[in-house]
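Here are the chains, one letter per residue:
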Amino acid sequence: ASALMWFRRDLRARDNAALSRALQSAGSVHCAFVFDRAILDGLPRQDRRVEFIRESVAALDADLRALGGRGTGLVTLHADAAEALPDLARRLGVEAVFANHDDEPEALARDGLVRQRLADTGIALHTFKDSVVFERGEVLTQAGKPYSVFTPYSRAWFAKLDEADLRAHPVGPWAARLAKRPAGLDADVPSLAALGFAPTNLAELPLPPGSAGAAQLLDDFQQRMDRYDTQRELPGVKGPSYLGVHLRFGTVSIRELVRAARTHDGPGAATWLKELVWREFYFQVLANFPQVGRGESFRPEYDRIAWESGPVAEERFAAWCEGRTGYPLVDAAMAQLNTTGYMHNRLRMVSASFLCKDLGIDWRRGERYFAGQLNDYELASNNGGWQWASSSGCDAQPYFRIFHPVSQGERFDPEGRFVLRYLPQLAGLPAKFVHAPWKAKPADLAAAGLALGRDYPLPIVDHAQARADTLRRYAVVKS
Ligand code: FAD
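A quick note: this is a predicted structure, and the numbers were derived from the prediction, not measured.

Thoughts on the overall build of the protein
Then step 1. Regarding its fold elements, the protein presents 20 helices and 5 strands.
Then step 2. For the protein, the C-alpha radius of gyration of 24 Å lies close to 23 Å, the compact-globule estimate for 479 residues.
Then step 3. Over its C-alpha atoms, taken along the principal directions, the protein stretches across nearly 80 × 50 × 50 Å.
Then step 4. Of all 479 residues assigned to the protein, the portion counted as buried reaches 42%.
Then step 5. Across the protein, the fraction of contacts at a sequence separation of at least 24, relative to all contacts at a separation of at least 6, is 76%.

Structure, rendered in structure tokens:
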């Protein structure tokens with residue numbers, strides 16, 4: 001029997017659940033990736049994620065050829081996946097299609113269509129858990145309900161961990177079952193230009209694509225994992241793993257990361273493992289409470305809040321997006337996002353809080369902006385993070401807890417190392433004013449050669465005033 005392995009958010013040959021199962025159960029396995037026009041056609045023509053995916057698909061193709069030998073490799077299509085995939089399966093004459101679960105609402109809708117179209121011609125679609133340790137229905141309360149609070153969820157998650165099979169899904173013994181690509185489908189992976197996209201600055205970033213790139217980042221992080229608990233909050237330090245984008249596109253296996261964390265003892269690895277559990281927590285929130293993915297607050301009373309609108313709010317929103325709010329920690333964070341597609345977790349919390357609690361702007365607008373910029377954009381985690389910061393989510397920051405953008409800077413970037421990387425014009429200021437340049441004396445500003453309003457903006461809002469406005473705005477959630 002022959003089968004088709006359909007790669008989506010699992011761009012790796014090693015330790016891939018669906019690929020391993022396809023190879024075990026079919027004598028001949030074709031492999032395909034579709035550059036899905038239903039997604040790509042709506043994107044701006046420069047997008048780091050598209051470039052990262054293209055590079056990772058090319059690396060996957062090379063890995064499959066190395067495993068399968070001459071003539072094997074990926075069939076790549078540039079088309080609407082929901083139509084092209086069933087067509088390809090028919091053309092190849094396979095009996096079944098294998099793929100890994102993707103629980104995002106749009107992916108579920110696409111897979112529903114594909115399943116139906118395949119069934120119409122008698123082809124089965126088999127799907128497998130791959131991108132998480134535990135899926136939507138696997139970690140539930142005693143009453144069989146989904147969790148909406150992280151701590152009990154994580155307790156239950158860890159209690160189940162010993163039952164989880166964390167071993168790698170093997171390829172090795174069955175590699176010879178990888179099928180040769182038929183004539184007409186043996187073209188190389190299309191170039192970025194052929195997909196209609198222009199290059200970004202991805203190649204200049206410390207973000208190597210593909211499984212080899214993930215392995216390199218993981219190797220590097222293993223040297224630092226023991227210090228993760230003390231360094232993860234400091235944006236000026238190389239504390240986190242930077243593996244988010246690899247988890248997003250599956251160039252690394254979650255099982256491998258959990259195994260890596262468990263080989264280290266101590267608070268660094270334990271803290272990091274807990275972050276991986278946050279990822280699974282938000283995945284199951286999106287899957288079990290799908291209304292959050294449709295723009296609703298997890299707590300409906302938060303949809304009563306009246307957000308700012310009109311020309312002043314528009315100008316403030318633009319200033320936030322472009323990193324010119326006059327609050328250096330927020331502006332440097334947005335500059336990091338805009339120039340690299342990454343933003344440090346602490347800064348995601350601070351800049352998200354600033355948008356909804358200092359500027360009074362609807363968190364959904366910030367969520368969408370992040371979605372367009374983040375290399376590691378993941379609907380579940382991004383929505384979870386924004387609903388946390390805006391207090392509308394499950395297990396969120398209480399609404400009256402409002403980050404102070406200056407004291408957050410003083411606490412987590414005490415010497416201004418991070419801020420000065422993105423705002424070098426503040427470098428001549430005494431350190432104590434780096435997070436609040438408007439407090440510097442005229443003589444300090446003159447000595448730094450800095451004219452506020454020209455070289456760097458004055459604050460667009462007064463934090464104390466904004467805080468009072470926010471407490472009033474949020475009061476509706478109590479009634
Ligand atoms: P590390 O610190 O090395 O953590 C390892 C992995 O754990 C991450 O790659 C991620 O998969 C997971 N993780 C860590 N923290 C969280 C968290 N709080 N929630 C969920 N998963 C977590 N994460 C995304 O993957 N995609 C997003 O689109 C996203 N948007 C966010 C938006 C906001 C407003 C906030 C506050 C957080 C968001 N996060 C998001 C969570 C977190 O900021 C990133 O996962 C993390 O900064 C990625 O960097 P890293 O890979 O170096 O993380």
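Further notes follow.
What about the sheet that holds strand β1 (residues 2-7)?
Then step 1. Taking strand neighbours across the sheet as the criterion, the 5 strands line up as β3-β2-β1-β4-β5 in an open arrangement whose pairing is parallel. Of all the strands in the sheet, just β3 (74-79) and β5 (124-128) have a single pairing partner and so form its edges. Here the average twist between neighbouring strands, direction ignored, is 25°.
Then step 2. In the sheet, strand β4 (residues 96-100) pairs with β5 via 5 bridges, with the strands oriented parallel. Paired with Asn100 across the strands is Phe128, a residue of β5.

With respect to the domain arrangement of the protein
Then step 1. Per the domain assignment, the segments of the protein are domain 1 (2-130), domain 2 (131-165 + 210-288) and domain 3 (300-478).
Then step 2. One C-alpha centre belongs to domain 1, the other to domain 3, and the line joining them spans 40 Å.

Notes on the confidence of the model for the protein
Then step 1. Averaged over all residues, the pLDDT of the protein equals 97, while 100% of them reach at least 70.
Then step 2. Our summary of model confidence lists the complex with pTM equal to 0.98 and ipTM equal to 0.99.

Digging into the site of the ligand
Then step 1. Around the ligand, the surrounding shell holds 27 residues, and the nearest of these are Pro240, Ser241, Gly244, Asn382 and Gly385.
Then step 2. Among the secondary structure elements, those contributing two or more residues to the shell around the ligand are α9 (244-249), α11 (267-288), α14 (345-358) and α16 (379-389).
Then step 3. Considering each element in turn, the shell around the ligand owes the most residues, 6 residues, to α16.
Then step 4. Split by residue class, the shell around the ligand holds 14 nonpolar, 7 polar and 6 charged.
Then step 5. Taken domain by domain, the shell around the ligand gets at least three of its residues from each of domain 2 (131-165 + 210-288) and domain 3 (300-478).

Overview of the environment of Arg54
Then step 1. In this fold, Arg54 is placed in helix α3 (residues 48-68).
Then step 2. Here Arg54 falls in the buried class, since 22 other C-beta atoms lie within 10 Å of it.
Then step 3. On a C-alpha basis, the gap between Arg54 and Phe35 in space is 8.6 Å, while along the polypeptide they are 19 residues apart.
Then step 4. If we skip the residues at most four places from it in the chain, Arg54 touches Leu192 and Leu195.

Some points on the nonpolar core
Then step 1. In terms of nonpolar packing, the biggest core is built from 58 residues, with Ala333 and Leu355 touching the most fellow members.
Then step 2. Contributing elements (two or more residues each) for this core: α6 (150-161), α7 (210-222), α10 (254-263), α11, α13 (328-340), α14, α16 and α18 (417-422).
Then step 3. A domain split of this core shows at least three residues from each of domain 2 (131-165 + 210-288) and domain 3 (300-478).
Then step 4. Setting aside its immediate chain neighbours within four residues, Leu355 contacts Trp320, Ile361, Trp363 and Gly366.
Then step 5. The next biggest cluster of nonpolar side chains, apart from the first, holds 50 residues, and it includes Ala17, Phe35, Phe98 and Leu178.

Regarding the UniProt feature "domain: Photolyase/cryptochrome alpha/beta" (unreviewed entry) in the protein
Then step 1. Within this numbering scheme, the UniProt entry marks residues 1-133 as carrying the feature "domain: Photolyase/cryptochrome alpha/beta" (unreviewed entry).
Then step 2. Note that residues 1-133 is 47% helix and 23% strand, and that its end C-alpha atoms are spaced 30 Å apart.

A word on the pairing of β4
Then step 1. In terms of burial, β4 is largely enclosed, as 4 of its 5 residues are buried.
Then step 2. Where β1 and β4 come together, 3 bridges link them in parallel fashion. Residue pairing across strands places Met5 opposite Phe98, the latter belonging to β4.
Then step 3. A crossover links β4 with its parallel partner β5, the connecting element being helix α5 (residues 105-120), and its sense is right-handed.

Examining the packing of α10 against α11
Then step 1. For the pair α10 and α11, the least separation of the axes is 8 Å and the interaxial angle reads 155°. Between α10 and α11, the crossing angle belongs to the class labelled roughly antiparallel. Note on packing geometry: the crossing formed by α10 with α11 is left-handed. Of the residues in α11, those in contact with Leu257, Val258 and Ala261 of α10 are Ala269, Trp272, Leu273 and Leu276.
Then step 2. Of the residues in the contact of α10 with α11, the class split is 7 nonpolar, no polar and no charged.

Description of unusual backbone geometry
Apart from glycine, the bulk of residues carry a negative phi angle, and the bulk of peptide bonds sit in the trans form.
Then step 1. We note that Asp15 has phi near 50°; this positive angle belongs to a residue other than glycine.
Then step 2. As for its placement among the helices and strands, Asp15 is situated in the loop between β1 and α1 (17-25).
Then step 3. We note that Asp395 has phi near 50°; this positive angle belongs to a residue other than glycine.
Then step 4. Assessed through the 18 C-beta atoms surrounding it within 10 Å, Asp395 is described here as partly exposed.

Considerations on the UniProt feature "site: Electron transfer via tryptophanyl radical" (unreviewed entry) in the protein
Then step 1. Per the UniProt record, "site: Electron transfer via tryptophanyl radical" (unreviewed entry) is annotated on Trp307, Trp363 and Trp386.
Then step 2. Relative to the helices and strands, Trp307 is located in the loop between α11 and α12 (311-322).
Then step 3. For Trp307, the residues in contact, after removing those within four places along its chain, are Gly360, Ile361 and Asp362.
Then step 4. Summarising the element assignment, Trp363 is placed in helix α15 (residues 363-373).
Then step 5. Given 26 C-beta atoms within 10 Å, Trp363 falls into the buried group.
Then step 6. Residues within four places of Trp363 in sequence aside, it is in contact with Ala352, Leu355, Cys356, Trp386, Ala389, Ser390 and Ser392.

Thresholds, definitions, all that
Residues numbered from 1 in each chain as written. Predicted model: local features only at pLDDT ≥ 70, side-chain atom pairs only at ≥ 80, totals over all residues. Helix = DSSP H or I, 4+ residues; strand = E, 2+ residues; numbered from the N terminus. Rg over C-alpha atoms; globule rule 2.2 N^0.38 Å. Buried ≥ 20, exposed ≤ 12 C-beta atoms within 10 Å, placed from the backbone. Contact = placed C-beta atoms within 7 Å. Pairing = 2+ DSSP bridges. Axes fitted to C-alpha atoms, helices over the stretch in contact; angles between N-to-C directions. Domains from an automatic or database assignment. pLDDT = per-residue confidence, 0-100. Near = placed C-beta within 6 Å. Nonpolar A, V, L, I, M, F, W, Y, C, P; charged D, E, K, R; others polar. Core = buried A, V, L, I, M, F, W, Y, C linked by C-beta atoms within 7 Å. UniProt positions renumbered as here; feature names shortened; annotations may be inferred. Right-handed = clockwise from strand over helix to strand, strands pointing away. Parallel < 35°, antiparallel > 145°, perpendicular 65-115°, else oblique. Left-handed = near helix turned anticlockwise from the far one by under 90°.

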